Amino acid sequence: MSFNIIGKKIPKKDAPFKVTGQALYIDDVELPGMLYGKILYSKYPHARILHIDTSKAEKLPGVKAVITAKDFPPHFRIGFMKDNPPLKGTKVLSTRDEIAAVCAISPEIAEEALDLISVEYEVLQGIFDPLVAMREDAPILHEEVGSNILKLPWRLVCGDVEKAKKESAYVVEDTFTTQWVTHCCLATSGCVAYFDVNNNLTMYSNTQIPSLAQNEFLEALTALGLRNRRVRIIQVTIGGGFGSKLDTYPYEYIAILLALKTRKPVKIVFSRDEEFFATSPRQCTITKISQGCDRDGRLTFREVEMILDNGAYTSWGATTPSVMMMPISSLYRVPNVKYTATCVYTNNTYCQAMRGYGNPQATFAIESSLDHLAEESGIDPYDLRIINANEPGEITPQGFRVTTCGLKECIEEVAKRLNWKEKRGRGLKKRGVGIASLIHVGGGARVYKSDGCGTIIKMDDFGKVDVFTGASDIGQGADTVIAQIVAEELGVPVEDVNVIHNDTDICPWDVGVHASRTTFVAGNSALFAAKKIKKKLLEILSKLLEVPPEDVAIKNGIAFSKSDPQKSIPLARALRRIHFTTGGSMLMAEHFYDPQNENLNKEFRGNLSAAYAYGTHGVEVEVDTETGKVKILKYVAAHDVGRAINPLLLEGQIYGGVLQGIGYALSEKMIYDNGYLKNGNFLDYKILTVRDVPPVEIVIIETNEEAGPFGAKGIGEPGLVPTAPAIANAIYDAVGVRIRDLPITPEKVLKALKEKNKG
Amino acid sequence: MKRFDYHVPQSIEEALNLFKSLGDAIYIAGGTDVMVNIKRKKISPKNLISLRNITALKVIEKGKELKIGSCVTHEQLLKDKYIEKYYTALHDAVRKLGSKQIRNVATIGGNICNAAPSADTACPLLVFDTKVLIRNEKGERKIPLHDFFLGPYSVSKDEGEIVTGFEITFLPPYSGSAYIKHSRREAMDLAIVSVATRLTLSPEVDIDFLKREAGEKTYSEFESRLLSYGITVKEARIAMGVVAPRPLRAKEAEDYLCGKRLTDEAIREASEIASSVAKPRDTLRGEAWYRREMVKVLTRRAILLSAKRAFD
Amino acid sequence: MKREIKFKLNGEEVTAEVESHWTLLYFLREVLKLKGTKEGCGYGECGACTVVIDKMAVNSCLFPVMEVNGKDVLTIEGISGPGEALHPLQKAFIEEGAVQCGFCTPGMIMSAYALFEEKKNPDDEDIKEAIEGNLCRCTGYVKIIDAINAAKRGK
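Everything numeric in this text was worked out from a predicted model, so none of it was measured.

## As for the overall build of chain B
Move 1: A count of helical and extended segments in chain B gives 14 helices and 14 strands.
Move 2: For 312 residues, the compact-globule formula gives about 20 Å, and the C-alpha radius of gyration of chain B, at 20 Å, lands near that figure.
Move 3: Its C-alpha atoms give chain B principal-axis dimensions of roughly 65 × 45 × 30 Å.
Move 4: Counting every position in chain B, which comprises 312 residues, the buried fraction comes to 61%.
Move 5: For chain B, restricting intrachain contacts to residue pairs at least 6 apart in sequence, the fraction spanning at least 24 positions comes to 66%.
Move 6: Surface exposure of chain B reaches about 12400 Å², of which carbon and sulfur atoms provide 49%.
Move 7: Averaging the positions of the 52 positive and the 41 negative side-chain charges in chain B gives two centres separated by 5 Å.

See below:
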């Protein structure tokens, strides 16, 4: 199949605005009369609030409103389990708990006002370890829940693990732990809320879930006594997402209430300090994993028990085990699977979605353990993976229907480019190689009632196309990919397609930019809408050109007869002809696409995604055995993407994912000490710089997924999923120590080397 | 941010007078520490007196001694070929200090006066026996850098006094130096631990022969031979960062090495001594045991590098 | 304390009354409403606020506005020509896919701009040195290096 626009390196549509400084991010929004909101956070991780005195703050000139929990309806809660009051009135459960907020005519005055609020606390013993929180005698953090263990019992059982374990020739068991890491979007979180004269709310927002946020803010308005109002979400240019904006947060409700009180636009934008301590990181996990294989290396079972530190409240992130199940049940063919996960309340920061949504934590355990199994069984780690690689047509124990699957090709390509056979197991010069693979949802993920996205298309008198999509752009390039898909289908230049994606008043519903779903779901939605408008267009053109519709083709904005190319008409002229005539018409079409995937049932089974993405990463490292430092000499990332709609943007997703993954593996960690974040700045929380970038080679495997738009599957998250285990496996190959706790710091490597040399 | 007034004197005298008349004031040079401290509400001065428009403070003088003005930026130092050739440890230090944007404004005087235990220029200046030049109303005084550091973020200087520069003795022939910063990231990072060394060697073998060897052979080959030549150490300096409240000289290790033949064994022993002198703490940036261990490794590596550079 | 300063901003002479405690970033964004320069951290640790002063890249979030007196300041708004005439760096960032969320982009481009002021023909090492203080969370930097190299060739 040959394409005009699909598969081309088309620059990102909004890049010109971004390179000139014209793109408006949340901090750039200014509205007439706008006020600035600031939030007072708790001094303690666990305490009763005895008294809050805001009187001094209220008297400060320039302060327009001060609010506390009393200003919200008493039982109003937000979050996935509705356990989080936007302002805390009686008890605080973490150091990021919001106690009061002010708005003033300048950010400086608002900040000064915060210093004037006095809060009396009765400090309580905090619980910072999920294992301690699970003990029977542990104090209960949420009295209304009655237990520190969330009522979210994740449990997947496929086949008979006990039996398979007994029958396995080789069995390994390990425990792996992962740390908190945070998104570090370069633009901090924020919003501007304002009410019009009819009490309808407009939110300038960074959200990744405009439609769900609209719904949640409507609920809030109802709770505040404003029934039957409208909420309009306008997304500004979003300065990084990575899952951080996949929920609504207290600061947004605080801005709404301040705006309601003052009848003025209220802006809250986080400082970098706040961005570190008051946004929600990736969950830290404790994972006990056991897997086995027979004499020929065929996997027999996989058993995983996981404990997740939920933190003080519950966001959507508490559902990450639903995605962790995916690699646990379906990465490589494994007939018997058991997985349980327990989410536990603690007085730590509460966790949220982050690129990969649980998959990196699970894959770190699975792929590290798999190398252990390879060693135990004496089978080369490469062979073990090839023997068990998933294949097209397979139905996995969890019920995933694998359509396209390029896992084998990914493993083979990576091994070839790493020179695996030559390099592996030599330990020469303290160098080693390692690989790890991934499975991820590549055709949406049905985690909500709908996994759909709507598109409206119109064509104007000049042959230009406006596409109104529910999709969100967080820098990944939805704006461009959707334009390409529509342009390809309609036969118009990609510059002629304008994608509008940032306003719930104009754009149709979408569940949000997450789960690597936008190219697949929003792309399909746009494609089907384009097909509809094209059908109408061809009918009109067939009349104008006086040829049958099937003889009409459009290329570069010109319609012509395929059999007699002399007969042609520019699209713009054709559109004007049918518009400016008695009983004229203009071309419009819409489509709502909801993929054929399934919600997981009560047993956590079901075909979660309409297609699955695969990939393998390989890495060659050199370990400095005197310092424990790990240097990456070469990195290969192979991904089955279905089809590369835009290789330029696709590579960008992989390069970016890989570097985030390397940070996760080697350098990033939020250090909490009894509930207090100790390294909430870019100097001490170490996201990687340009100096830390290793040579990365990208391999794109195209398997042409039938259900995807022009064959495409998702690629937003996979780039960082197998990074940490690939590196850990390479370190083991180089120097014979296995680090089971992320990040793999020089200290840990050196300590392990010393222990190994002792024994 | 707290309000302050900002003054831009054109001479040292004007700056000293301003300080006297203003009372509540602090000096600011590149501002990369002062501005951060103000923003983080660690300090709230009513007046800032900028030193960066005083031309006299911005020069590197290469006379009998090397004199570096306090407001010389790290970028200026980095680009200085003379410093790169003769005071290589200092070049090493500024190369990995902060970022380009920071180096463009941050000054050596600021780095030293801020006196962070991790200050990158501190260890190199220590191994060059640097003296701090300080001006006050009465005139100029001069103190060894080693005595200038009192503790973390604390120096031996009255608030109104101005550090005008650093005086570095001219190094004898066959001197070489190195600074190794051990950090997690390759840029924009603070040292977990750092070591600077300077050796002045007194070779008893044919210099030209050694030089030819250095030129012809790869570094590792030369390095392996270097220790078999029986070169005597005439003078040794070892300074360590982030292992004590202030940048620290490992004098015991220096004394041990002085007069010894430069052998693998001697270097290892000196590194062990340096490590035993270090008194690091557990902090979120690094654990004490690891820092002590790294002093050993980095000292050995820095000595070898210094020795090699002595023949460059 | 109000003070008067005179300096050159994006090629034009500016005389302005400023508060002496302002940073250059505050003055640019909040007073002059030049929103192209971004604040990513406020502590000189991310480079999003990079501007070029007297041909050198500087973090404007730590730069006292009083220090720009008499200097030549260039921001992202000042490097392109009139109309659609983008600077070669801007074009290259677009074409090479160096822009994702774009928040680091203005600072990144200004750092690269300063590099070209210093070196006509920078190599990869020079490029890395020039942007080592500019954090990017989206791109993994690879395409940013590509873009700066492409701009070098296109100049």
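## Side note on the sheet that holds strand 14 (residues 248-249) of chain B
All names here are of chain B.
Move 1: Strand order in the open sheet formed by four strands is 11-12-13-14, and the pairing between neighbours is antiparallel. In this open sheet, the two strands that pair with only one neighbour each are strand 11 (175-182) and strand 14.
Move 2: Two elements, strand 11 and strand 12 (residues 193-202), share eight bridges in a ladder whose sense is antiparallel. The residue of strand 12 that forms the bridge with H182 is V193.

## Let's talk about the interface of chain C and chain A
Move 1: Taken together, the contacts link 46 residues of chain C with 49 residues of chain A.
Move 2: The junction of chain C with chain A conceals about 3900 Å² of combined surface from both sides, 59% of it contributed by carbon and sulfur atoms.
Move 3: R691 of chain A is the partner of E125 of chain C in a salt bridge, and the nearest nitrogen-oxygen pair spans 2.8 Å.
Move 4: Scanning the region where chain C abuts chain A turns up 25 residue pairs in polar contact (both at pLDDT 80 or more).
Move 5: For the side of chain C that touches chain A, the secondary-structure elements that each account for two or more residues are helix 1 (24-31), helix 2 (88-95), helix 3 (105-118), helix 4 (124-131) and helix 5 (142-154) of chain C.
Move 6: When grouped by side-chain class, the residues that make up the side of chain C that touches chain A number 22 nonpolar, nine polar and 15 charged.

## Topic: the packing of aromatic side chains
All names here are of chain A.
Move 1: Summed over all chains, the structure comprises 31 aromatic pairs over all chains.
Move 2: These aromatic residues form a ring-pair network of at least three members: F80, W316, Y448, W509 and F592.
Move 3: Taking NZ or CZ as reference, R282 lies 5.2 Å from the ring centre of Y664, over its face.

## Considering the domain arrangement of chain C
Residues and elements named next belong to chain C.
Move 1: The domain boundaries assigned to chain C delineate domain 1 (2-78) and domain 2 (88-154).
Move 2: Of note, the centres of domain 1 and domain 2, computed from C-alpha atoms alone, are 21 Å apart.
Move 3: Across the boundary between the two partners, domain 1 contributes 17 residues, which contact 13 residues of domain 2.
Move 4: Here domain 1 and domain 2 share an interface that buries about 1200 Å² over both sides, 68% of which is from carbon and sulfur atoms.

## Observations regarding the interface of chain C and chain B
Move 1: In this complex, chain C contributes 30 residues to the contact, which on the side of chain B involves 29 residues.
Move 2: Across the chain C/chain B interface, buried area totals approximately 2600 Å², and carbon plus sulfur atoms make up 52% of it.
Move 3: At the junction of chain C and chain B, the tally comes to eight salt bridges.
Move 4: Residues E132 of chain C and R103 of chain B are paired through a salt bridge, measuring 2.7 Å at the closest nitrogen-oxygen approach.
Move 5: Linking chain C with chain B are 20 residue pairs in polar contact (both at pLDDT 80 or more).
Move 6: Listing elements by their share of the side of chain C that touches chain B, those giving two or more residues are strand 4 (56-59), helix 3 and helix 4 of chain C.
Move 7: Looking at which element gives the most residues to the side of chain C that touches chain B, the answer is strand 4 of chain C, with four residues.

Thresholds, definitions, all that
- Residues numbered from 1 in each chain as written.
- Chains lettered and ligands numbered in written order.
- Predicted model: local features only at pLDDT ≥ 70, side-chain atom pairs only at ≥ 80, totals over all residues.
- Heavy atoms only, no water.
- Helix = DSSP H or I, 4+ residues; strand = E, 2+ residues; numbered from the N terminus.
- Rg over C-alpha atoms; globule rule 2.2 N^0.38 Å.
- Buried < 20%, exposed > 50% of the residue type's maximum accessible area, 1.4 Å probe, protein only.
- Contact = heavy atoms within 4.5 Å.
- Areas by Shrake-Rupley, 256 points an atom, 1.4 Å probe, with all protein chains shown as cover.
- Lys, Arg positive; Asp, Glu negative; His and termini not counted.
- Charge placed at Lys NZ, Arg CZ, Asp CG, Glu CD.
- Pairing = 2+ DSSP bridges.
- Buried area = accessible area lost by both parts, 1.4 Å probe.
- Salt bridge = Lys/Arg side-chain N within 4 Å of Asp/Glu carboxyl O.
- Polar contact = N/O pair within 3.5 Å; in protein donor to acceptor, adjacent residues only side chain to side chain.
- Nonpolar A, V, L, I, M, F, W, Y, C, P; charged D, E, K, R; others polar.
- Phe/Tyr/Trp six-rings, centres within 6.5 Å; stacked < 30°, edge-to-face > 60°.
- Lys NZ or Arg CZ within 6 Å of the ring centre and 35° of its normal.
- Domains from an automatic or database assignment.

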